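Structure assessment
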Amino acid sequence: MVQRCPACGARHPGSERCRRCGCELHGLTRLLAVARQAEREAVHGLLAGEISQAQRAAERAQALDRQGLGAALVGFLAWRGRQS
Ligand SMILES: [Zn+2]
């Protein structure tokens, strides 16, 4: 779900088209859904001990959405790698 319209900054603008300015948001909504899926794959990989798989998924999520959970997962996995 898009939290802010990238064009006008409206909060919770909707998923298809911004209610305030009419900006088309469908593509961004789809991209964020792919980022959320990559985040879930990263968490599942981490819980299963598949660290390299988790890292790849977290990096994919971060590349799609720098403000999402992917960035935190990349940081955590890097920290974890330094501890071992
Ligand atoms: Zn807008």
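Residues numbered from 1 in each chain as written. Predicted model: local features only at pLDDT ≥ 70, side-chain atom pairs only at ≥ 80, totals over all residues.

1. Some details on helix H2 (residues 51-64)
Working note: α-helix, 3.6 residues per turn, so residues spaced by three or four point in the same direction. The end-to-end C-alpha distance of H2, which contains 14 residues, comes to 20 Å, matching closely the 20 Å that a straight helix rising 1.5 Å per residue would cover. Where H2 is concerned, the buried positions are Ala 54, Ala 57, Ala 58, Ala 61 and Gln 62. The buried residues of H2 occupy an angular sector of 140° when projected down its axis, which confines them to one face. On its buried side, H2 packs onto helix H1 (26-47) and helix H3 (69-83). (Helix = DSSP H or I, 4+ residues; strand = E, 2+ residues; numbered from the N terminus. Expected span 1.5 Å × (residues − 1). Buried ≥ 20, exposed ≤ 12 C-beta atoms within 10 Å, placed from the backbone. Arc of directions from axis to C-beta. Contact = placed C-beta atoms within 7 Å.)

2. Thoughts on the environment of Val 34
Topologically, Val 34 is positioned in helix H1. Remark: the alpha-carbon pair of Val 34 and Ala 61, spanning 27 residues in sequence, is separated by 7.7 Å.

3. Regarding the packing of H2 against H3
Each packed pair of helices is defined by two parameters, the angle between the axes and the distance between the axes. Interhelical geometry of H2 versus H3 gives an angle of 145° and a closest axis separation of 7 Å. Handedness of the crossing formed by H2 with H3: left-handed. Residues Ile 51, Ala 54, Gln 55, Ala 58, Glu 59, Ala 61 and Gln 62 of H2 lie in contact with H3, whose contacting residues are Leu 69, Gly 70, Ala 71, Leu 73, Val 74 and Leu 77. Here the residues of the contact of H2 with H3 sort into nine nonpolar, three polar and one charged. (Axes fitted to C-alpha atoms, helices over the stretch in contact; angles between N-to-C directions. Left-handed = near helix turned anticlockwise from the far one by under 90°. Nonpolar A, V, L, I, M, F, W, Y, C, P; charged D, E, K, R; others polar.)

4. Here we look at unusual backbone geometry
Positive phi, close to 45°, is recorded for His 12, a residue that is not glycine. By the secondary structure assignment, His 12 is in the segment before H1.

5. A look at the confidence of the model for the protein chain
In the predicted model, the protein chain carries a mean pLDDT of 93, and the fraction of residues at 70 or more is 100%. Mean pLDDT values for the elements of the protein chain range from 93 in H3 up to 96 in H2. (pLDDT = per-residue confidence, 0-100.)

6. Some thoughts on the nonpolar core
Core analysis: the largest hydrophobic core is formed by 10 residues, namely Ala 35, Ala 38, Ala 42, Ala 54, Ala 57, Ala 58, Ala 61, Leu 73, Val 74 and Leu 77. Taken together, the elements giving at least two residues each to this core come down to H1, H2 and H3. For this core, the element with the highest residue contribution is H2, accounting for four residues. With residues near it in sequence (within four places) discarded, Ala 42 still touches Ala 54, Ala 57, Ala 58, Ala 61, Gly 70 and Leu 73. (Core = buried A, V, L, I, M, F, W, Y, C linked by C-beta atoms within 7 Å.)

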